[in-house]
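# Structural characterization, general
For reference, the chains in residue letters:
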Number of protein chains: 2
Amino acid sequence: MTPTREQCAARDAADPLHALRAEFDLPAGVLYLDGNSLGALPRRTPGHLAKVVEGEWGAGLIRSWNDAGWFHQPGRLGDRLGAHLLGAAPGQVVVCDSTSVNLFKVLGAALRLRPGRPALLVERHAFPTDLYIADGLSGLHPGTRPVLLDSAARLDAALDSEAAVVLLSHVDYRTGELLDMAAVTERIHAAGALAVWDLCHTAGALPIHLDAAGVDFAVGCGYKYLNGGPGAPAFLYAAARHQADARQPLTGWFGHARQFDFEPGYRPAEGVTRFLTGTPPVLGLAALEAALEVWELADPAAVRLKSLELTDLFLELTADLDVEPVTPREPARRGSQVALRHPDGHAVVQALIARGVIGDFRAPDLMRFGFTPLYLSRADVHDAATALREVLASGEWRAERFARRGDVT
Amino acid sequence: MTPTREQCAARDAADPLHALRAEFDLPAGVLYLDGNSLGALPRRTPGHLAKVVEGEWGAGLIRSWNDAGWFHQPGRLGDRLGAHLLGAAPGQVVVCDSTSVNLFKVLGAALRLRPGRPALLVERHAFPTDLYIADGLSGLHPGTRPVLLDSAARLDAALDSEAAVVLLSHVDYRTGELLDMAAVTERIHAAGALAVWDLCHTAGALPIHLDAAGVDFAVGCGYKYLNGGPGAPAFLYAAARHQADARQPLTGWFGHARQFDFEPGYRPAEGVTRFLTGTPPVLGLAALEAALEVWELADPAAVRLKSLELTDLFLELTADLDVEPVTPREPARRGSQVALRHPDGHAVVQALIARGVIGDFRAPDLMRFGFTPLYLSRADVHDAATALREVLASGEWRAERFARRGDVT
């Protein structure tokens, strides 16, 4: 017996996390199931940004690099993110650049830590930028060759003495499948290779324990579940044990040991600071900081429990529809999104958007619905399932205006 | 006979550019001569940013990638910048990443366009990040070796058949010396090498004519004269004639030919778009867009004339002081800053800052004063020179509190 909307609303009323919804500024008439692509705007972000723009930049001018602490913002935000959401002790996370650029840096550093091993392993169905960056980097490391894994489940067969580095997505951006980070990292280490994790679809979606899992390097995105805003700065993690030996290829002045001595030669800074490159994007960092304040009001374990409840509820409420769920039902293998296969998925998603229910689509046939527990409720899930039911039953998605055009992560 | 403050103010009153000062929000009691490090806040920036944050992000959410044109913002801003300030026809400039990261991209592309030539020439006194990036990149191009030029004037001796790429600063960040871009580029081309220009200290300081000068690649900064805000996105220029063959190393998904087809293999996009890497920093781009609107109110040729007048005036008003000017007096060899040498320059700059006159210092002994014609007047220059005269005469800079600590570009 699937729950009624009233039952869903009653459970929302009893949920302490439900109050956090008031921290977000969501447009009227929209049911937003795409926080896995671009998180919603926290209500406190505009005010915080105005303070930084008008107070720190406008009034403080160049002095704010010291007086407002802009210099240390990449590491300070990294530490807060590490402590609250990534399970990383201080001094291992910096917020900077884009995910793609950070991936280039950590993969470059990791390859140099495993000289003589030629293979860089990447999932064939990784998010494309991971493949492209791995490919571009390999071209600069003669002898290195990318090895495409059919799936993470086939990892063991490829883990031999040639394996230098394995890049894996913690959650698959298409299916929402979650990997066991600790167990997989252990297998990678047993083969003598290094584990690099892409956390784009898990940072802010579920508690991550990078230190406990023994992860070597990781990267992730600031604009999805973290709610840092469009094109927010990304982050990277470099385990403390690797930092002294790590050499990343994008050797810019913010990663130098004595930046303002203006030495002609590059000497990497101590610690994770050596992974910085250019001048930090202060305004983007400010928006991410406001979003982190909201995150610090939430218990990540409670967020995870609610996330599983929301995705479970959506799977249950859509189980009888003519769609094929590809997201695992087992909680331990599920991220915070549900992907449903439908041969005309693109048109169905467009028809839902026309009704104000915003999910997204990934070629060739996956409809993705992201469930962000900070601002979505069980009643929202019920409404979304009802909308999908009605769109499929009515056939309204067959309208010409829903035919395929470009879309966005 | 040096002009009086009254004469300076009278000239300001007759200057059409003087009205643009009202476009900037400058704090009371501050005379800001560090716009060459961090430009001032345009008054229209907070409102424009709020519109993008609350309207496009908050209300538009993921739809704004298409509806608000976020996708095309790197190229659209690049085209505007190119048309108004860089002398670049459309389709050759993108706004993205940091200067350091963009330098890595264009140097990487340029080296690949000159296979078999091992030398990457960089000035020994280039801004350090240029040296560091050139060094890091060379480490990834076996056979490539950085060659340090004692000065740009010594370029010809190093320009032989081994020279692949020459990286030069259009204006020297220390001395304010300006190079003749067209003439130097021609000499580089005559040797069969490619010319990469760092425009950090000229974009927004004087009209640039990249196409006319035959430049191959260029990079520059958004947060200095352009007034894009702290850590603003940087820009890069890739001449149209090189684009089809150019392969840059940071191959991310925003540089792919068919980004949303999610192909496993990387295929570079047509044109300058192939120089994009990760997701564009939408909020940083918005701040830069507001600043560009102000720039589009100014005639760059008039800005240049006023800049020369301001720097000339400052040199004239300080000519009798116990400081050594290192900025060339010839207009054709001068950027928009004045550098004065003083053995205790750091303390003198700190004493000036304590009086509200903000310049900066570059080790070991250079005091830098940037003159930004959009928001500085001749009366300001007179006041700054008077303050410097008084600080030097009083010896107040000898106070303990002005002893050296960290500072910032």
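Residues numbered from 1 in each chain as written. Chains lettered and ligands numbered in written order. Predicted model: local features only at pLDDT ≥ 70, side-chain atom pairs only at ≥ 80, totals over all residues. Heavy atoms only, no water.

## Some points on the overall build of chain A
Across its full length, chain A holds 14 helices and 13 strands. In terms of overall dimensions, chain A is globule-like: its C-alpha atoms have a radius of gyration of 22 Å, near the 22 Å expected for 409 residues. Along the first, second and third principal axes, the C-alpha atoms of chain A reach 70 × 60 × 40 Å. Relative to its 409 residues, chain A shows a buried fraction of 66%. If you take every contact in chain A between residues at least 6 apart in sequence, the share linking residues at least 24 apart comes to 73%. Total accessible area on chain A stands at roughly 13500 Å², and carbon and sulfur atoms take up 52% of it. Side-chain charges in chain A split into 39 positive and 49 negative, and the spacing between the mean points of these groups amounts to 2 Å. (Helix = DSSP H or I, 4+ residues; strand = E, 2+ residues; numbered from the N terminus. Rg over C-alpha atoms; globule rule 2.2 N^0.38 Å. Buried < 20%, exposed > 50% of the residue type's maximum accessible area, 1.4 Å probe, protein only. Contact = heavy atoms within 4.5 Å. Areas by Shrake-Rupley, 256 points an atom, 1.4 Å probe, with all protein chains shown as cover. Lys, Arg positive; Asp, Glu negative; His and termini not counted. Charge placed at Lys NZ, Arg CZ, Asp CG, Glu CD.)

## Some details on the sheet that holds strand S12 (residues 360-362) of chain A
Residues and elements named next belong to chain A. Read from one edge to the other, the open sheet built from four strands follows the order S9-S10-S13-S12, with strand pairing classed as antiparallel. Edge positions in the sheet fall to strand S9 (324-325) and S12, since each of these pairs with one other strand and no more. Relative to strand S13 (residues 366-370), S12 runs antiparallel, the two sharing three bridges. Across the sheet, phenylalanine 361 pairs through a bridge with methionine 367, a residue of S13. (Pairing = 2+ DSSP bridges.)

## Quick word on the interface of chain A and chain B
The interface of chain A with chain B comprises 78 residues on the first partner and 77 residues on the second. A per-residue breakdown of the area chain A buries against chain B is headed by Trp57, Ile62 and Tyr132 of chain A, which together make up 12% of the total. Summed over the shared surface of chain A and chain B, the result is zero salt bridges. Viewed at the interface, chain B and chain A are joined by 18 residue pairs in polar contact (both at pLDDT 80 or more). Contributing elements (two or more residues each) for the side of chain A that touches chain B: helix H2 (45-60), helix H3 (64-67), helix H5 (99-112), helix H6 (128-138) and helix H11 (282-295) of chain A. No other element matches the eight residues that H2 of chain A contributes to the side of chain A that touches chain B. Tallied by class, residues from the side of chain A that touches chain B come to 43 nonpolar, 23 polar and twelve charged. (Buried area = accessible area lost by both parts, 1.4 Å probe. Salt bridge = Lys/Arg side-chain N within 4 Å of Asp/Glu carboxyl O. Polar contact = N/O pair within 3.5 Å; in protein donor to acceptor, adjacent residues only side chain to side chain. Nonpolar A, V, L, I, M, F, W, Y, C, P; charged D, E, K, R; others polar.)

## Quick notes on the relation of the copies chain A and chain B
Note on the identical chains: chain A maps onto chain B by a rotation of 180° and an axial translation of 0.0 Å, with an RMSD of 0.0 Å. On the angle and the small slide along the axis, the relation comes out as a two-fold axis. Among all residues of chain A, the minimum C-alpha distance to the rotation axis is found for leucine 140 of chain A, at 2.7 Å. Both copies contact each other with a shared surface, as 99% of the interface residues of chain A are interface residues in chain B too. (Least-squares fit on C-alpha atoms with pLDDT ≥ 70 in both.)

## Some words on the packing of aromatic side chains
Inspection of the entire model under this criterion finds 37 aromatic pairs over all chains. For the ring pair tyrosine 266 of chain A and tyrosine 132 of chain B, a centre distance of 5.5 Å and an interplane angle of 65° mean the geometry is edge-to-face. A residue pair is termed interchain when its members come from two chains, as with tyrosine 266 of chain A in the loop between helix H10 (240-243) and H11 and tyrosine 132 of chain B in helix H6 (residues 128-138). With respect to class, tyrosine 266 of chain A is no different from tyrosine 132 of chain B; both count as buried. (Phe/Tyr/Trp six-rings, centres within 6.5 Å; stacked < 30°, edge-to-face > 60°.)

## A closer look at the UniProt feature "binding site: pyridoxal 5'-phosphate" (unreviewed entry) in chain A
All names here are of chain A. According to UniProt, the feature "binding site: pyridoxal 5'-phosphate" (unreviewed entry) maps to Thr99, Ser100, Phe127, Pro128, Thr129, Asp130, Asp198, His201, Tyr223, Trp253 and Thr279 in the numbering used here. Over a stretch of 181 residues, the named residues are scattered through the fold, their C-alpha atoms separated by up to 30.4 Å. The exposure class of histidine 201 is buried, given its relative accessible area of 5%. Setting aside residues no more than four positions away along its own chain, histidine 201 makes contact with Asn36, Val171, Tyr173, Lys224, Tyr225, Gln337 and Arg368. (UniProt positions renumbered as here; feature names shortened; annotations may be inferred.)

## A few points about the packing of helix H12 (residues 300-317) of chain A against helix H14 (residues 378-394) of chain A
Residue and element names in this part refer to chain A. It is at 9 Å that the axes of H12 and H14 come closest, and there the two elements cross at 25°. Taken together, the axis directions place H12 and H14 in an arrangement best described as roughly parallel. Where H12 crosses over H14, the two elements pack in a sense that is right-handed. Across the interface between the two elements, Lys306, Glu309, Leu310, Leu313, Phe314 and Leu317 from H12 touch Arg378, Val381, His382, Ala384, Ala385, Leu388 and Arg389 from H14. Taken together, the residues of the contact of H12 with H14 break down into eight nonpolar, one polar and four charged. (Axes fitted to C-alpha atoms, helices over the stretch in contact; angles between N-to-C directions. Parallel < 35°, antiparallel > 145°, perpendicular 65-115°, else oblique. Left-handed = near helix turned anticlockwise from the far one by under 90°.)

## What about the domain arrangement of chain A?
All names here are of chain A. You can read the domains of chain A as domain 1 (5-32 + 299-402) and domain 2 (47-295). Between the C-alpha centres of domain 1 and domain 2 there is a distance of 29 Å. On the domain 2 side, the residues contacting the 24 residues of domain 1 number 19 residues. Between domain 1 and domain 2, roughly 1700 Å² of surface is buried when both sides are summed, and carbon and sulfur atoms account for 62% of that area. (Domains from an automatic or database assignment.)

## Focus: the layout of surface pockets
Residues and elements named next belong to chain B. A volume near 650 Å³ is recorded for the largest pocket. What lines the largest pocket is a set of 30 residues, among which Phe71, His72, His256, Ala257 and Gln259 lie closest to the centre. Among the secondary structure elements, those contributing two or more residues to the lining of the largest pocket are helix H3 (64-67), helix H4 (73-86) and strand S2 (93-96). Tallied by class, the residues present in the lining of the largest pocket amount to twelve nonpolar, nine polar and nine charged. (1 Å grid on protein atoms, 1.4 Å probe; cavity = no way out; pocket = protein on both sides within 12 Å on 5 of 7 lines; lining within 4 Å. Points joined across faces, edges and corners; volume = space filled by probe spheres on them.)

## Some thoughts on the pairing of strand S10 (residues 337-341) of chain B
Residues and elements named next belong to chain B. For S10, a buried count of four out of five residues is recorded, marking the element as mostly surrounded by other parts of the structure. Taken together, the two bridges between strand S9 (residues 324-325) and S10 define a ladder with antiparallel strand orientation. The residue of S10 that forms the bridge with glutamate 324 is arginine 341. Relative to strand S13 (residues 366-370), S10 runs antiparallel, the two sharing five bridges.

## Notes on empty space enclosed by the protein
In this approach a probe as big as a water molecule rolls over the atoms, and the regions it shows empty are the leftover space. All names here are of chain B. Scanning the entire structure with this criterion turns up five cavities of 30 Å³ or more. Taken as a whole, the second largest cavity holds about 50 Å³ of empty space. If you trace the second largest cavity, you find it lined by Gly35, Gly204, Lys224, Tyr225, Asn227, Trp295, Thr372, Pro373, Leu374 and Tyr375. Residue composition of the lining of the second largest cavity, grouped by class: five nonpolar, four polar and one charged. Of the residues that make up the lining of the second largest cavity, three or more belong to each of domain 1 (5-32 + 299-402) and domain 2 (47-295).

## Remarks on the environment of glycine 87 of chain A
All names here are of chain A. Take glycine 87: it is sitting in the loop between helix H4 (73-86) and strand S2 (93-96). C-alpha separation for the pair glycine 87 and alanine 152, spaced 65 residues apart in sequence, amounts to 23 Å. Sequence-distant contacts of glycine 87, defined by excluding residues within four places in its chain, comprise Gly82, Ile208, His209, Leu210 and Asp211.

## Looking at the environment of alanine 244 of chain B
All names here are of chain B. By the secondary structure assignment, alanine 244 is in the loop between helix H10 (240-243) and helix H11 (282-295). Alanine 244 sits in the exposed class, given a relative accessible area of 55%. Taking C-alpha positions, alanine 244 is 9.2 Å from alanine 269, a pair spaced 25 residues apart along the chain.

## Here we look at the pattern of salt bridges
It is possible for side chains bearing opposite charge to pair when their charged atoms get close. What the rule picks out here adds up to 60 salt bridges over all chains. A single network of salt bridges, built from pairs that share partners, joins Arg11, Asp12, Asp15, Lys306, Glu309 and Arg378 of chain A.

## With respect to the UniProt feature "modified residue: N6-(pyridoxal phosphate)lysine" (unreviewed entry) in chain A
All names here are of chain A. Here the UniProt feature "modified residue: N6-(pyridoxal phosphate)lysine" (unreviewed entry) sits at Lys224. Among the structural elements, lysine 224 can be located in the loop between strand S7 (217-220) and strand S8 (234-238). Under the relative-accessibility criterion, lysine 224 is labelled buried at 4%. Within the local environment of lysine 224, its side chain forms a polar contact with the backbone oxygen of asparagine 36, the two atoms lying 3.4 Å apart.

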